[in-house]
Amino acid sequence: RSTERAKEVGIRKVLGSEKKQLVSQFLLESVFVSVSSMLIAIGLVFLIIPAFNGFTEKAIALNDYLTPINIGLLAAFSLGLGVIAGLYPAFILSSFQPVVVLKGKLISSKNGSWIRNGLVVFQFFISIVLICSTLIVGQQMKYLQNRNLGFDRENVLVIERAFALQDFETFRTEVSKISGVNSIGASSAMPGSGVYFGASFRLDGMNEAVALNCAVFADDYLETMNMELATGRSFSKDFQDTLALILNESGARALGIGDNPIGKRISNVQGANNPNGDITYQVVGIIKDYNYKSLHTEITPMAIFSSESAQGGNVANLALKIDPARATAIVDEIREMWRVQAPNQTYVYSFLDDSLKELYQAEKKSGDLFFIFTGIAIWIACIGLFGLATFIIGSRIKEIGVRKILGASSAKVVFLLMNDFNKLILISIILAIPAAIWVMGQWLDGFAYRIHMTDTWVSFVIGGIVSLLVAWLTVSYHSIKAAMSNPVKNLRTE
């Protein structure tokens, strides 16, 4: 738009202004705008940083970053940006011949059009990448929340630190009598949390040992969590399960007993969990693989000891399947029992579905931040497109007048003007889709269980449609205004 000042430059040159004076003026104006923007931006960051810290649970102190080096870099960047932005008007306009400009014969150069169009394409490129990324993050989060993990995570109340109870069995029995408690089990580690200790196992007759993750389950835990057995049975008081062992499907395959595992004898090799020597266990059941860690990692081989075994002291979590309508009352009743059974230990409880959601808080916040920055990027792109529309349509106002006099309808003129901008947005879409696929592919690689990029095509369609709608809404004001204007007035007014 600096070309609109061409006549001003022509008059000033006629009145004796030198080129260096004009260059200095344009550069100073541009630098002033850039530095002013920097100062306003710093002020906004000071205002926003407390909310940002609260949202991300960080403790970023902006003062820590205001070092002499950073201030110098920021000032240099701001000055450099101002100089770059002012180079075109400073050197191109100051070189115009006054006689040409004042006679009105200046023809706008098309050399800068690719820069203008390129900036609009770049701005919408960023916007579309962010729109698509936001939608894909949302799809992945929905997938994580709805994926079948191999157990029932709804309405499961977890009471932690059960090792502090004076009489575990009495406490468990009394809790099971509370109205609304449908079943109760116990485990050394709940899905998604807790420590799964490691141990090495060797099949009888084999020399090579296999390392497995291990947990301890009490009776009724599998039933409470609605975990499915592939074969065999779960732990029960009806059996002497001191030396009984349950494996997951991956564990059975790792030990090479996937075909006929029940009754196989497996030695727990001497180690940290059994320092006195090898202990031989008998496989009594195989549970179907379930996600006992977050979905960032694949399901790994696992062995499960009974609470009756030597590892039984590791049971620290009670899992209660409850009636959600009585959740608050149940929590309060258990609190009173806890005060009697564990007076020196804090009562800590949680709901399993909430705990599992916390595993993906970082991804959820990433999605929210994507959404915020998408809005900012779209707004900036709209500003750029609005400015470009103002300039281009303003420069074609006489052309529009001629077309209307020759019979072109307002709708035809609007379509003609919009078509130029549609081309820019389509170029942005074509460039943005591969970039978004690559960016989101890298992000999704952090999950062992994830949606496939082929499932996200709707995100790219929506991203393209949103960008086109935003562009049309931005440009439509100037296009309709120009198309509806009086052509006679536009043609006779200089």
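Quick note: structure is the one above.
These remarks concern the structure in this document. (Residues numbered from 1 in each chain as written. Predicted model: local features only at pLDDT ≥ 70, side-chain atom pairs only at ≥ 80, totals over all residues. Heavy atoms only, no water.)

Quick notes on the overall build of the protein chain
Counted only if it meets this: Helix and strand definitions here come from DSSP, where helices need a minimum of 4 consecutive H or I residues and strands a minimum of 2 consecutive E residues; each element is numbered from the N-terminal end. Two things to know: the radius of gyration comes from C-alpha atoms, and the globule rule equals 2.2 Å times the number of residues to the power 0.38. Contacts were defined at the residue level, with two residues in contact if any of their heavy atoms lie within 4.5 Å. What sets the accessible areas is the Shrake-Rupley method with a 1.4 Å probe; for residues, cover comes only from the shown protein chains. For the purpose of counting charges, residues Lys and Arg are taken to be positive, whereas Asp and Glu are taken to be negative. His and the chain ends are not included. Charged groups are reduced to one reference atom each: NZ for lysine, CZ for arginine, CG for aspartic acid, CD for glutamic acid.
A count of helices and strands for the protein chain gives 15 helices and 11 strands. Compactness check: the protein chain gives a C-alpha radius of gyration of 35 Å against a globular reference of 23 Å for 494 residues, more than 25% above the reference. Referenced to the eigenvectors of the C-alpha coordinate spread, the extents of the protein chain come out at roughly 105 × 55 × 50 Å. Of the contacts made within the protein chain by residues no fewer than 6 positions apart, 79% connect residues no fewer than 24 positions apart. Accessible surface for the protein chain amounts to roughly 26500 Å². Of this, 61% is attributable to carbon and sulfur atoms. Of note, the protein chain has its 43 positive side-chain charges centred 22 Å away from the centre of its 40 negative side-chain charges.

Topic: the side chain of Thr374
The cut-off we apply is this: We call two N or O atoms a polar contact when they sit within 3.5 Å, provided that within protein one can donate a hydrogen and the other can accept it, with sequence-adjacent residues counted only if both atoms are side-chain atoms.
For Thr374, the position within the fold is in helix H11 (residues 361–395). Among the polar contacts made by the side chain of Thr374, one reaches the main-chain carbonyl oxygen of Leu130 at a distance of 3.2 Å.

Observations regarding the pairing of strand E9 (residues 302–306)
This is how the line gets drawn: With a 1.4 Å probe rolled over the protein chains alone, any residue whose accessible area is under 20% of its type maximum counts as buried; one over 50% counts as exposed, and the rest are partly exposed. At least two bridges found by DSSP between two strands are what make those strands a pair.
Counting buried positions over the five residues of E9 gives five, a clear majority of the element. Side chains Met302, Ile304 and Ser306 of E9 all project onto a buried face; the interleaved residues Ala303 and Phe305 project onto the opposite face, where all are buried too. With five bridges connecting them, strand E4 (residues 210–217) and E9 associate as parallel partners. Within E9, the position partnered with Val216 by the bridge is Phe305. Two elements, strand E6 (residues 244–248) and E9, share three bridges in a ladder whose sense is antiparallel.

Considering the pattern of salt bridges
To keep it simple, the criterion reads: We count a salt bridge whenever a side-chain nitrogen from Lys or Arg sits within 4 Å of a carboxyl oxygen from Asp or Glu.
Throughout the structure, instances matching the rule amount to 14 salt bridges. Residues Glu228 and Lys288 are paired through a salt bridge, measuring 3.2 Å at the closest nitrogen-oxygen approach. Taken together, the residues span a long stretch of sequence, with Glu228 in the loop between helix H7 (221–224) and strand E5 (229–232) and Lys288 in the loop between strand E8 (279–287) and E9 at a distance of 60 residues. Accessibility expressed as a relative area gives 36% for Lys288, which makes it partly exposed.

Concerning the pairing of strand E1 (residues 156–159)
Side-chain alternation along E1 places Val156 and Val158 on one buried face and Leu157 and Ile159 on a second face that is also buried. Taken together, the four bridges between E1 and strand E10 (residues 317–322) define a ladder with antiparallel strand orientation. Across the sheet, Val158 pairs through a bridge with Ala319, a residue of E10.

Some details on the packing of helix H2 (residues 19–56) against H11
Applied cut-off: Helix axes are fitted to C-alpha atoms over the stretch in contact, other axes to C-alpha atoms as well, and angles between N-to-C directions run from 0 to 180 degrees. Any residue that is not Ala, Val, Leu, Ile, Met, Phe, Trp, Tyr, Cys, Pro, Asp, Glu, Lys or Arg is counted as polar, Gly included; the first ten are nonpolar and the last four charged.
Direction vectors running N to C along H2 and H11 enclose 145°, while the axes themselves pass 10 Å from each other. Mapping the contact onto sequence places Phe52, Phe55 and Thr56 in H2 and Lys365, Asp368 and Leu369 in H11. Counted by class, the contact of H2 with H11 contains three nonpolar, one polar and two charged residues.

Overview of the packing of aromatic side chains
In plain terms, the rule: Here the aromatic set is Phe, Tyr and Trp, taking the six-membered ring for Trp, and pairing holds for ring centres within 6.5 Å; pairs whose planes are under 30 degrees apart are stacked, those over 60 apart are edge-to-face, and all others are tilted. Comment: the charge-over-ring label is applied if NZ (Lys) or CZ (Arg) is within 6 Å of the ring centre and within 35 degrees of the ring normal.
Inspection of the entire model under this criterion finds 12 aromatic pairs. For the ring pair Tyr196 and Tyr292, a centre distance of 4.8 Å and an interplane angle of 55° mean the geometry is tilted. Here Tyr292 lies in the loop between E8 and E9 and Tyr196 lies in the loop between strand E2 (181–187) and strand E3 (197–203), a separation of 96 residues in the sequence. Geometrically, the ring pair formed by Tyr347 and Tyr349 is tilted, given 5.5 Å between the ring centres and 35° between the ring planes. What makes Tyr347 buried here is its relative accessible area of 14%. Its relative accessible area of 35% is what places Tyr349 among the partly exposed residues. Each member of the aromatic cluster is reached from another via a ring pair, and the members are Phe171, Trp338, Tyr347, Tyr349 and Phe351. Between the NZ or CZ atom of Arg233 and the centre of the ring of Phe239, over which it lies, the distance is 3.8 Å.

A word on the environment of Gly441
Position of Gly441 among the secondary structure elements: in helix H13 (residues 410–444). Along the backbone, Gly441 and Met453 are 12 residues apart, and their C-alpha atoms lie at a distance of 7.4 Å. Sequence-distant contacts of Gly441, defined by excluding residues within four places in its chain, comprise Arg450 and Met453.

Quick look at helix H9 (residues 327–341)
Applicable threshold: Expected helix span is given by 1.5 Å per residue-to-residue step, counting one fewer step than there are residues. Here the arc refers to the set of directions running from the helix axis out to each C-beta atom.
An ideal rise of 1.5 Å per residue puts 21 Å on 15 residues; H9 measures up with 21 Å between its terminal C-alpha atoms. If you check which residues of H9 are buried, you get Ala327, Ile330, Val331, Ile334, Trp338 and Gln341. Looking straight down H9, one finds that the buried residues subtend no more than 95° of arc, so they occupy a single side. For H9, exposure combined with an orientation more than 90 degrees from the buried face picks out Thr328, Arg339 and Val340. Residues of H9 that are buried sit in contact with E1, helix H6 (168–176), E2, E10 and strand E11 (349–351).

A few points about the packing of H11 against H13
Where we set the bar: Angle categories: roughly parallel below 35 degrees, roughly antiparallel above 145, roughly perpendicular from 65 to 115, and oblique for all the rest. Here a crossing is taken to be left-handed if its near helix is turned anticlockwise relative to the far helix by less than a right angle, and right-handed if that turn runs clockwise.
Running from amino to carboxyl end, H11 crosses H13 at an angle of 160°, the nearest separation of the two axes being 13 Å. Put simply, H11 runs roughly antiparallel to H13. The way H11 lies across H13 gives a crossing that is right-handed. Between H11, through Glu363, Phe370, Leu385, Leu388, Ala389, Ile392 and Ile393, and H13, the contact on the second element is made entirely by Leu417, Phe421, Leu424, Met440 and Trp443. Split by residue class, the contact of H11 with H13 holds 11 nonpolar, no polar and one charged.

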